[in-house]
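Observations on chain architecture
Here are the chains, one letter per residue:
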Amino acid sequence: MNGRAVPIACALALFALGALYWLGPLKPASEYRSDQFLMDTLVSIKVYGDDPENLKAAVHKAYAEMRRISDLADAFPKPGTAEAKASDVCRINAQAGKAPVRVDDDILAMLATAQKYGALSEGAFDVTVGPLMDLWGFGGENPRLPAAGRVKAALALVGSKDLVLNQQDHTAFLRKPGMKIDLGAVAKGYATEKALQVLKDHGIEKALIDAGGNIRVLGRNTRSAPWKIGIKDPRKSDAIVAVLQLEDASAVTSADYYRGFEAGGKRYHHILDPRTGYPAGHHMSVTVVTRDAGLADILSTIFFVLTPEKALELADDMPGVELILISADGRIRHTRELRGKIQVQPGAGYHYDQG
Amino acid sequence: MTRGDKFLLAALVCFSLLSAGVLWGRFFLPAGETKELQAVVTVRGEVVRSIPLSTDAKSSFVVEGRIGPSTIEVDGGRVRMLEADCAGGICLKQGWIARPGQSVVCIPGEILIRIEGAAPLDAVTR
């Protein structure tokens, strides 16, 4: 036998074992997954790590945090609850035109962000859209087409300039009686980001939160690759139009295929343009990719309401914000920075415009 | 080539194959890929049933949702919501599902049917 063979084989074996040992921890030992219904949707959380007990505890605390935000932001008082126990948003609405209301810091933070981006969008988004949402009935079971005169009347009660926030006193105040806060485009994303923070505080480095299609990922997936997130085909159930590769990012979609109804042969969906009082009509769907899920939630609504050109222009001006949109004519466009992070697979009826 | 060289070569080949196998297992097999496909039913966040989706499996069963009973049907490797009490019936319209990552969701009843296994996508934004 060759005298050198044994030492060389031994050295190689040791090297390989060392490599396996070093590479081993990249794939965490356990996964924990839970699916809970909250905020009127299904919220699935998947986490990966080495300590199963810690994973479980972290996920349950993350859900508790989302429930807390949801309870603060809920605009509909739960049957049987006393006024004093009503949510912060209910109390602000009940005191509209009367007095400022002391609220939780999370509510103040959501309202301040909403107000800031509402101004930035020049009114394409407004957190005081409540009277319009009520008029159309999008919060309830039976949405309907309202009379034009009533839309005009409700529009007079929409406007964030009459929302007064006081950070020192922790209060919020709506100046006109009848005004109403609606955190529908804000709370889910904000709560998702808070939940992710809870997971991080537990030392978790690999996680996916799917809050009714609002996605937030941390780290890389189980194959140690960027998470692969599909964008739903807005016209075909169970099909996708693109795949995103994401690490430590959110992907939130606003689309015309939810909570809609038909009247007089025309379809109406739930994302209203607060400047006109009617559903925005420029897009089938828009998807925002940015780190913070709360910001992604607000921006997806803003970009949905704006024209494709204005939406792409605004997204280009915002560092760390990417946008994919499918306009009503079937054109698929996205911001340039997404090149390399997106594979568009346009089905029939779409046209991919790489710009 | 001496006998020793041949031995070394054979040892290296065996070792490489072994290492490749271990690495493949560690990196590329997501949790659950080795298992056969199964449909998992949760009600209000609790797993109430796991059904292996073999091609000859055929059954239907009732789960008690938040607003009443719903019937789930399993047939030839696919599963669907067959009957439900909810007003919208959205879960019924979702039809059959058969691929990993697909799901049927009933929000009023808080019922989820999902198919577990290695899915090509980690999630879908919608």
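Residues numbered from 1 in each chain as written. Chains lettered and ligands numbered in written order. Predicted model: local features only at pLDDT ≥ 70, side-chain atom pairs only at ≥ 80, totals over all residues.

On to the overall build of chain A, then. A count of helices and strands for chain A gives 9 helices and 17 strands. Here chain A holds 355 residues, and 44% of them are scored as buried. When contacts within chain A are restricted to residue pairs at least 6 apart in sequence, long-range pairs at least 24 apart make up 61% of them. (Helix = DSSP H or I, 4+ residues; strand = E, 2+ residues; numbered from the N terminus. Buried ≥ 20, exposed ≤ 12 C-beta atoms within 10 Å, placed from the backbone. Contact = placed C-beta atoms within 7 Å.)

Take the domain arrangement of chain A next. Residue and element names in this part refer to chain A. Looking at the assigned domains, one finds that chain A contains domain 1 (30-70 + 186-352) and domain 2 (86-174). Computed over C-alpha atoms, the centres of domain 1 and domain 2 are 23 Å apart. Going through the elements one at a time, α7 (187-201), β11 (261-263) and α8 (293-305) are the ones with two or more residues in the side of domain 1 that touches domain 2. In terms of residue count, α8 provides more of the side of domain 1 that touches domain 2 than any other element does, 5 residues in total. Within the side of domain 1 that touches domain 2, the residues separate by chemical class into 13 nonpolar, 4 polar and 3 charged. (Domains from an automatic or database assignment. Nonpolar A, V, L, I, M, F, W, Y, C, P; charged D, E, K, R; others polar.)

Before going further, it helps to examine helix α2 (residues 52-73) of chain A. All names here are of chain A. Its 22 residues place the ends of α2 32 Å apart at the C-alpha level, agreeing with the 32 Å of an ideal helix rising 1.5 Å per residue. What α2 keeps buried is the set L55, A58, V59, A62, M66, I69, L72 and A73. Looking straight down α2, one finds that the buried residues subtend no more than 150 degrees of arc, so they occupy a single side. The exposed set on the far side of α2, more than 90 degrees from its buried face, consists of E53 and A64. (Expected span 1.5 Å × (residues − 1). Arc of directions from axis to C-beta.)

Residues and elements named next belong to chain A. One non-glycine residue, H170, lies in positive phi territory at about 55 degrees. With respect to the element layout, H170 can be found in the loop between β4 (163-166) and β5 (171-174). Owing to 15 C-beta atoms within 10 Å, H170 belongs among the partly exposed residues under this scheme.

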